[in-house]
Amino acid sequence: MRGLERPSRSADDSRMNNPASGNAALAARDLRHVWHPCTQMHDHESVPMVPIVRGEGAWLIDADGRRYLDGISSWWTNLFGHANPRIAAALAGQARTLEHVIFAGFTHEPAIELAEELVRITPPGLDRVFYADNGSAAIEVALKMSFHYWLNQGHGEKTRFIALTGSYHGETLGALSVSDVALYRKTYAPLLLTPFLAPSPDAYEGEPGESSEQTAKRRLGELRSLLERHAHETCAVIVEPLVQCAGGMRMYHPGYLTGLRALCDEFAVHFIADEIAVGFGRTGTLFACEQASATPDFMCLSKGLTGGFLPLSAVLTSERIYQAFYAEYSAGKAFLHSHSYTGNPLACRVALETLAIFRDEPVLERNRQLAASLARRLEPLRAHQHVADVRQTGMIAAIELVADKASRRPYPAAERRGLRVYLHGLQHGVLLRPLGNVVYFMPPYVVDASDIDLLVDTAIAGIERAVAD
Ligand SMILES: *Cc1c(COP(=O)(O)O)cnc(C)c1O
C-alpha cells in the first residue's frame with residue numbers, strides 16, 4: 001500500500017483522492033490488527049470504523065474529508081479544541097527540551113510548577129500532589145494511599161471501601177472494584193475487591209415529589225447507617241462529585257457532598273473525590289466539590305487536565321495525610337506506587353498551558369452562556385413521549401430515553417436504541433455516543449451557538465429514529 005502513495009500538493013488532497021488512504025482502506029487495515037476499547041469488535045461488520053486524520057477546534061475530520069462535531073469531547077478529555085495551537089506549541093517546545101526523565105530522585109520544572117498550580121486552584125487544604133498517567137491509575141493511587149494511611153496510623157483493620165451505586169471509577173482491577181456499572185464490572189467480579197455500596201443520591205431515582213435536595217438528605221441517612229455498621233473497617237468513601245458520568249450522567253444535589261464531608265469526619269473515614277470527568281469547569285465551577293465548599297481527603301484529576309492532549313493524572317491530598325508516610329526509611333512507611341511515565345514533562349507542560357488558558361480567558365463565564373443556550377434548546381424535549389428526564393449540570397446535559405414515559409420503564413438494553421442515535425449522528429456529521437438509553441452532550445468549551453444548534457438538532461432527529469418502532 002505504501003508503494004501506491006504519490007506525491008501531491010497537500011496531505012489532505014492526497015488522502016481524499018487516494019483510495020489507499022481513504023476511510024475504507026484505513027478502516028480495513030485497522031480491523032486486521034487493532035483491538036479497540038469498550039467495543040464488541042464484531043459490531044464493525046456493520047458499524048463503520050471512522051479513521052480521523054485531523055482535528056480542528058470542536059471538529060474531527062476523517063480520511064474522506066468528512067467533518068464531525070465532537071459532541072462528547074473525545075471521551076470527555078478535550079476542553080479547548082482539537083490540535084489547539086497554543087497547547088500544540090507548548091508541547092512542541094517541551095519536546096525539544098526534555099521529553100521525559102525518571103521521576104524518582106529526579107524532578108523537573110513542569111512537574112514542580114504544575115503541582116504549585118494545582119495546589120493553588122483546588123479547594124483549600126489539598127497541598128500534596130502525586131502524579132500518575134491516567135484516570136484509573138489515579139484511583140488506584142488514592143485507594144492504596146487511603147489504606148496505607150490507616151495502616152501507618154495503626155489501623156490495618158481498615159481494608160474496605162464504600163462506593164455509590166451507579167458509580168464508575170475506571171477499569172483497572174482496583175478502580176473497577178469500586179465501580180458499579182454492570183456492563184464493565186459483572187464479567188470480572190470474581191477478580192475484584194467487594195466494596196460496600198451506598199445508594200446513590202441520583203435525583204432521577206428520587207421518590208416521586210421529592211426534591212433533589214431531599215433525595216440527597218435521605219441518601220445521607222442511608223450512608224450514615226452503613227458507616228455506623230462498617231466505619232471501623234472502612235478506609236474511604238469514593239464518589240464522583242455531582243455527576244455519575246459513565247453510569248448514565250446521573251446528577252445529584254451538592255448537599256450530598258457537604259453531608260458526606262461531615263460524615264467522613266464524624267466516622268474517621270476518608271472522602272475520595274473522583275473529579276476525573278467533572279473537574280476543570282465541566283460542572284460550572286472549576287471543580288465540582290466547590291459547589292459544596294467541600295475539601296475531600298483525596299482529589300483525583302485526569303481527562304481535562306491536559307486539555308485532551310496527553311494522558312496524565314494527579315492525586316491531591318492533605319499535608320496531614322502526607323505526614324503519616326513521612327518517617328525514617330527503616331520505619332517502612334513510604335508510599336510504594338510507581339509508573340514509568342510518572343510526571344511526564346510533555347504532559348505536565350501541556351497541563352500547564354491548559355491551566356494558563358483558564359487564567360487568560362473567561363472560560364467559566366463563557367461556559368455559563370453556552371450551558372444556558374444548551375438548556376434552552378433542550379427544554380422542548382421534556383414533553384417528548386419517550387423522554388423521561390432532561391438534566392444538566394454546567395457543560396454536561398443528558399436525555400433519558402424510556403419505552404414508557406408514565407412508568408419510566410426503560411428500553412431493554414438489548415434493543416440498543418442509543419446505537420441508532422450514534423449511527424444517525426455519524427451520518428449527519430456529529431459525534432454523539434449515548435450511554436445505553438441516555439443521550440448526552442459534553443462538548444469542548446470552544447463550541448459556539450451554531451454548534452450547539454447542530455448538536456441538539458441532530459440528537460433530536462436521532463432520537464426520533466431511535467424510538468421509531
Ligand atoms: C474516565 C474516568 C475514569 C478513568 O479514567 P481513565 O483515564 O479512562 O482510566 C475514572 N473516573 C471517572 C469518573 C471517569 O469518568
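Predicted, not measured: the structure shown is a model, and the values here were computed from it.

1. As for the overall build of the protein chain
So, point 1. A count of helices and strands for the protein chain gives 15 helices and 16 strands.
So, point 2. Its C-alpha atoms give the protein chain a radius of gyration of 23 Å, near enough to 23 Å, the size a compact globule of 469 residues would have.
So, point 3. Seen along its three principal axes, the alpha-carbon backbone of the protein chain occupies a region of about 70 × 60 × 45 Å.
So, point 4. Every one of the 469 residues in the protein chain was classed for burial, and the buried ones make up 45%.
So, point 5. Taking contacts inside the protein chain between residues at least 6 apart in sequence as the whole, the part at least 24 apart equals 72%.

2. A closer look at the sheet that holds strand S4 (residues 128-132)
So, point 1. An order of S4-S12-S11-S10-S7-S5-S6 is seen for the seven strands of this open sheet, with the pairing classed as mixed. Across the chains shown, the open sheet's two edge strands, defined by having one partner strand only, are S4 and strand S6 (196-198). When strand polarity is set aside, the average angle formed by the axes of neighbouring strands in this sheet is 20°.
So, point 2. Taken together, the three bridges between strand S10 (residues 270-274) and strand S11 (residues 298-301) define a ladder with parallel strand orientation. Within S11, the residue paired with Ala273 across the bridge is Met299.
So, point 3. Taken strand by strand, helix H6 (residues 135-152) contacts S4, strand S5 (160-164), strand S7 (234-239), S10, S11 and strand S12 (313-317), and its axis lies near 25° from that of S12.

3. Things to note about the site of the ligand
So, point 1. For the ligand, the set of nearby residues contains 14 residues, the closest of which are Asn134, Gly135, Ser136, Gly170 and Ala277.
So, point 2. Here the shell around the ligand takes three residues from H6, the largest share from any one element.
So, point 3. When the residues that make up the shell around the ligand are grouped by side-chain class, the tally is six nonpolar, six polar and two charged.

4. Examining helix H13 (residues 363-378)
So, point 1. Taking 1.5 Å of rise per residue, 16 residues should cover 22 Å, and H13 covers 22 Å from first to last C-alpha, within 8% of that figure.
So, point 2. Restricting attention to buried positions, one finds in H13 the residues Asn367, Leu374 and Leu378. Mapping the buried residues of H13 onto a view down its axis gives an arc of 30°, with all of them on the same face. Relative to its buried face, H13 has exposed residues pointing more than 90 degrees away, namely Glu365, Gln369, Ala372 and Arg376.
So, point 3. Looking at the buried positions of H13, the neighbouring elements they touch are strand S13 (387-393), strand S14 (396-401), strand S16 (438-441) and helix H15 (449-467).

5. A few points about the UniProt feature "modified residue: N6-(pyridoxal phosphate)lysine" (unreviewed entry) in the protein chain
So, point 1. Per the UniProt entry, the sites bearing "modified residue: N6-(pyridoxal phosphate)lysine" (unreviewed entry) are Lys303 in this numbering.
So, point 2. Relative to the helices and strands, Lys303 is located in the loop between S11 and S12.
So, point 3. Ignoring sequence-local partners within four residues, the contact set of Lys303 consists of Trp76, Thr77, Gly135, Ile276 and Ala277.

6. Re the pairing of S14
So, point 1. Of all six residues in S14, six are buried; the element is thus mostly enclosed.
So, point 2. On S14, burial covers both faces: Ile396, Ala398 and Glu400 on one face and Ala397, Ile399 and Leu401 on the other are all buried.
So, point 3. Pairing of S13 with S14 involves six bridges; the strand directions are antiparallel. In the sheet register, Arg391 faces S14, and the bridge partner there is Ala398.
So, point 4. Counting the residues between successive antiparallel strands, the hairpin from S13 to S14 contains two residues, one of them, Gly394, with a positive phi of roughly 60°.

Thresholds, definitions, all that
- Residues numbered from 1 in each chain as written.
- Predicted model: local features only at pLDDT ≥ 70, side-chain atom pairs only at ≥ 80, totals over all residues.
- Helix = DSSP H or I, 4+ residues; strand = E, 2+ residues; numbered from the N terminus.
- Rg over C-alpha atoms; globule rule 2.2 N^0.38 Å.
- Buried ≥ 20, exposed ≤ 12 C-beta atoms within 10 Å, placed from the backbone.
- Contact = placed C-beta atoms within 7 Å.
- Pairing = 2+ DSSP bridges.
- Axes fitted to C-alpha atoms, helices over the stretch in contact; angles between N-to-C directions.
- Near = placed C-beta within 6 Å.
- Nonpolar A, V, L, I, M, F, W, Y, C, P; charged D, E, K, R; others polar.
- Expected span 1.5 Å × (residues − 1).
- Arc of directions from axis to C-beta.
- UniProt positions renumbered as here; feature names shortened; annotations may be inferred.

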